[in-house]
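Architecture at a glance
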Amino acid sequence: MIIRTRIAPSPTGDPHVGTAYIALFNYCFAQYYDGEFILRVEDTDKDRSTYESEIMILDSLRWLGITWSEGPDIGGIYGPYRQSDRLHIYHKYVNKLILYGLAFKCYRTFKELNEIKKKKTVLKVKDLKLNNEEYNRRELENYPYVIRMVVPNEGICIIQDLLRGNINIDWTQIDAQILIKSNGMPTYHFANVIDDHIMKITHVLRGEEWINSAPKHQLIYKYFGWKMPILCHMPLLRNTDKSKLSKRKNPTSINYYRRMGYLPQALINYLGHMGWSMSNGIEKFNIKDMTDNFDIHRISLGGPVFDVEKLTWLNSKYIREDFDDRALIKEICKWSFNEAYIYNILPKIRPRIHILSDIIHIAGHFFYGLPKLELKSFNEVNIEYSKQITIIQFFIWKLEIIKIWKKEEIFFSVKSISEYFKIKLKILLCPIFIAITGSLISTSVIDSILIIGYDITIARLSNAIKIMGNISINKYKKFKTEFNSVFFKQLNIWENNY
Ligand code: GLU
């Protein structure tokens, strides 16, 4: 049997370090057994998936030195490898389940579901059933529907996990899972199982957040009479305070580490260290060392901490030990001192420089990570101090929902905030200007944001909030509620049920 593993990213945002971590372990596992590691894009969430995100994720994994033998970029015999190109396959299989009586069309309206949810925390088939007459009427009138799977009402489901042994999960906790959403797209659970089977995946190494989904997956395999891949739920990466790694506390995007000038060798080495170690205990190893010495049973489940300071230390070790001057110059050029990047910033700085050395003052913010900020700079802005914090936080949230990083989108974000707070755009931009460039004299802030990119922008805005004294959790929640009510359309959680 050929061992086949996969990474199955959803292209709904930045390339996350967690994706690289899971990809790395799947890659090493397959390589160790002379198997195959493939990449499949799970883009069934139509509202949130973007092609730009897919490109970034694939590019980041390549940058880290992770390679795959089949994928949307290179094809392969089990393709297509992008789920949105495989819709006919999911429909073929779901129709079989309907025919066997193992799945059903559910015509319940959003309002009805909310009513049922008030009484039941878990949705079972019996709660969702309509009487025949009503069902026929809705079918005849072409009501929107989802397709759900039949699940047991009670009993214990036993999930076998390579690292955790048997895990017992109570069926009373499991919903009659949606398999096909009302827009015709499959949910993650359904598409993932169908594809793992068709693509002959033998081992699924994925984050522990998926443990509770495993009973549904196991049941789908059972309904079709297929063998389930061996499951291995990896420990979640954590912040230093042991909470789940989140971008509120730590940058989580690979783009951030790349733009800040971390080396791929150091980042991949550090990720390899998350809950795993070499048998000889050495800390500095490359992806080949890891593959050659891979042993899944050396993963410890203790919740590995992703500590940026330790990563920085490891990075400096690489710079000192692995790069001679010539190699380091090459690396620095590759990072930011290259024609392509400077070409980008040139039109912004050309009108402002008199002599070449002016560049350092005018264009420094295009290169450094976080500017040296002083609290007193914000005091010069003609907006109440606490309002400045709210503005910056709102701007962060606005940028988070931009799908394509374009000047118009960034501009529209600030403009809508200025309209909401009824503060002139020119004034509202001041705290943002300081947060991004460290001063009020620089190139246009919108242009700067566009060029430095999303991750460095968010890091600098968050840093400004930190310098101004951070936001308490309560205030943060209050701001978020206010923000959501003004700017954010709630997604229909039933239709988009992941
Ligand atoms: N698309 C899922 C994710 O991005 C894949 C989870 C899995 O590996 O099954 O997390």
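Here, residues in each chain are numbered from 1, in the same order as that chain's written sequence. Side-chain atom pairs in this predicted model are given and counted only at pLDDT of 80 or more, local residue features only at pLDDT of at least 70, and totals for whole chains, interfaces and linings cover all residues. Each side-chain value is worked out from all heavy atoms of the structure, with water and hydrogens disregarded.

Under the annotation held in an unreviewed UniProt entry, the protein carries the name Glutamate--tRNA ligase and is attributed to Candidatus Johnevansia muelleri. UniProt positions are given in the numbering used here, feature names are shortened, and annotations may be inferred rather than shown by experiment. Of the comments in the UniProt record for the protein, the one headed Function (unreviewed entry) reads "Catalyzes the attachment of glutamate to tRNA(Glu) in a two-step reaction: glutamate is first activated by ATP to form Glu-AMP and then transferred to the acceptor end of tRNA(Glu)."

**Observations regarding the overall build of the protein**
Where helices and strands are cited, they refer to DSSP runs of H or I of at least four residues and of E of at least two residues respectively, numbered from the N terminus. Looking only at helices and strands, the protein has 21 helices and nine strands in total. Each principal axis of the C-alpha distribution contributes one length, and for the protein these read about 80 × 60 × 40 Å. Partitioning the contacts of the protein with sequence separation of at least 6, the portion at a separation of at least 24 is 76%. Just so you know, the count uses Lys and Arg for positive and Asp and Glu for negative, and it drops His and the chain ends. By convention, charge coordinates are those of NZ in Lys, CZ in Arg, CG in Asp, or CD in Glu. Side chains of the protein carry 68 positive and 53 negative charges; the gap between the two charge centres is 4 Å. Whether two residues touch is decided by their heavy atoms; if any such pair falls within 4.5 Å, the residues are in contact.

**What about the side chain of S49?**
Checked against the element boundaries, S49 lands in the loop between β2 (36-39) and α2 (51-63). For the purposes of these results, a polar contact is taken to be a pair of N or O atoms within 3.5 Å, where, inside protein, one atom must be able to donate a hydrogen and its partner to accept one; residues adjacent in sequence count only when each atom of the pair is a side-chain atom. Polar contacts involving the side chain of S49 include one to the main-chain carbonyl oxygen of D45, which spans 2.8 Å. Non-local contacts of S49, meaning those with residues more than four positions away in its chain, are made with P11, T12, D43 and T44.

**Re the site of the ligand**
A cutoff of 4 Å decides nearness: a residue is near a molecule or strand if any of its heavy atoms lies inside that distance of it. Among the nine residues in the neighbourhood of the ligand, the closest are listed as R6, A8, S10, E42 and Y188. Within the side chain of R6, a nitrogen or oxygen atom sits 2.5 Å from an oxygen atom of the ligand. Within the side chain of Y188, an N or O atom sits 2.7 Å from an oxygen atom of the ligand. Computed by Shrake-Rupley with a 1.4 Å probe, the accessible areas treat only the displayed protein chains as cover when residues are assessed. Burial of the ligand by the protein chains amounts to 83% of its free accessible area of 290 Å². Asp, Glu, Lys and Arg are counted as charged, while Ala, Val, Leu, Ile, Met, Phe, Trp, Tyr, Cys and Pro are counted as nonpolar; the rest, among them Gly, fall into the polar class. A per-class count over the shell around the ligand returns four nonpolar, two polar and three charged.

**Observations concerning the UniProt feature "domain: Glutamyl/glutaminyl-tRNA synthetase class Ib catalytic" (unreviewed entry) in the protein**
Taking the UniProt record as the reference, the feature "domain: Glutamyl/glutaminyl-tRNA synthetase class Ib catalytic" (unreviewed entry) is found at residues 3-313. Across residues 3-313, the secondary structure splits into 37% helix and 13% strand, with the terminal C-alpha atoms separated by 36 Å.

**Observations regarding empty space enclosed by the protein**
Lining residues are those with an atom within 4 Å of a point, where the points come from a 1 Å grid over the protein atoms alone and group into cavities, where a 1.4 Å probe fits but cannot get out, or pockets, open sets with protein on both sides within 12 Å along at least five of seven lines. Grid points are joined across faces, edges and corners, and a volume is the space filled by probe spheres set on the points. Following the criterion strictly, the structure yields one cavity of 30 Å³ or more and no others. The computed volume of the largest cavity comes to approximately 40 Å³. Every residue along the wall of the largest cavity is listed here: R6, N192, V193, D196, V204, R206, H217, Y221, M228, P229 and L231. Among the secondary structure elements, those contributing two or more residues to the lining of the largest cavity are α7 (188-198), β8 (203-207) and α8 (214-224). Here the lining of the largest cavity gets three residues from one element, more than from any other, and that element is α7.

**Remarks on the packing of aromatic side chains**
Between the rings of Phe, Tyr and Trp (Trp by its six-membered ring), a pair exists once the centres lie within 6.5 Å; its type follows the angle of the planes, with under 30 degrees stacked, over 60 edge-to-face, and the other angles tilted. Evaluation of the coordinates by the stated rule reveals 32 aromatic pairs. Here the aromatic rings of F29 and F294 are separated by 6.4 Å at their centres, their planes lie at 90 degrees, and the arrangement is edge-to-face. Here F294 lies in the loop between α11 (287-292) and α12 (308-322) and F29 lies in helix α1 (residues 17-32), a separation of 265 residues in the sequence. When sorted by exposure, F29 lands in the same class as F294, which is buried. Each ring, one from Y341 and one from F367, has its centre 5.6 Å from the other, and the planes form 85 degrees; the classification is edge-to-face. Taken as a pair, Y341 in helix α14 (residues 339-349) and F367 in the loop between α15 (358-363) and α16 (375-379) lie far apart in primary sequence, 26 residues in all. Across this residue pair, the class does not change: Y341 and F367 are buried. Counting every residue linked through ring pairs, the aromatic cluster contains Y21, F25, F29, Y32, Y33, W276, F285 and F294. Between K129 and the ring centre of F104, over which it is positioned, the NZ or CZ distance is 5.6 Å. Placement of a charge over a ring requires the Lys NZ or Arg CZ to be within 6 Å of the ring centre, with the centre-to-atom vector within 35 degrees of the ring normal. The ring of Y318 carries K284 above its face, with NZ or CZ at 4.8 Å from the centroid. The buried label goes to any residue with under 20% of its type's maximum accessible area, the exposed label to any with over 50%, and the partly exposed label to all in between, with areas taken from a 1.4 Å probe on protein chains only.

**Comments concerning the sheet that holds strand β4 (residues 146-149)**
Spatially, β3-β4-β7 is the arrangement adopted by the three strands of the open sheet, whose pairing is antiparallel. Looking at which strands have only one partner, the edges of the open sheet turn out to be β3 (103-106) and β7 (178-180). Within this sheet the neighbouring strands show an average axis-to-axis angle of 45 degrees, counted without direction. For two strands to be treated as a pair, DSSP must find at least two bridges joining them. Bridge count for β3 against β4 is four bridges, and the pairing is antiparallel. Each bridged residue has a counterpart across the sheet, and for K105 the counterpart in β4 is I147. As a rule, the C-alpha atoms of each element are fitted with a line to give its axis, helices using only the stretch in contact, and angles between N-to-C directions run from 0 to 180 degrees.

**Looking at the environment of L236**
Among the structural elements, L236 can be located in the loop between β9 (230-234) and α9 (254-260). Exposure remark for L236: the relative accessible area of 16% places this residue in the buried category. Sequence separation between L236 and L356 is 120 residues; the distance between their C-alpha atoms is 48 Å. Residues in contact with L236, not counting those within four places in the same chain, are E208, E209, K244, G303 and P304.

**Comments concerning the nonpolar core**
As a rule of thumb, nonpolar side chains are buried together in soluble globular proteins. For our purposes a nonpolar core is just a set of buried Ala, Val, Leu, Ile, Met, Phe, Trp, Tyr and Cys residues, chained together by side-chain atoms within 4.5 Å. Within the largest apolar cluster, 105 residues are counted, with the highest numbers of intra-cluster contacts made by F25, L271 and F306. Considering every element that reaches this core, the biggest residue donor is helix α20 (residues 445-467), with 12 residues. Residues L97, I220, Y221 and L231 belong to the second largest nonpolar core, which totals 48 residues.

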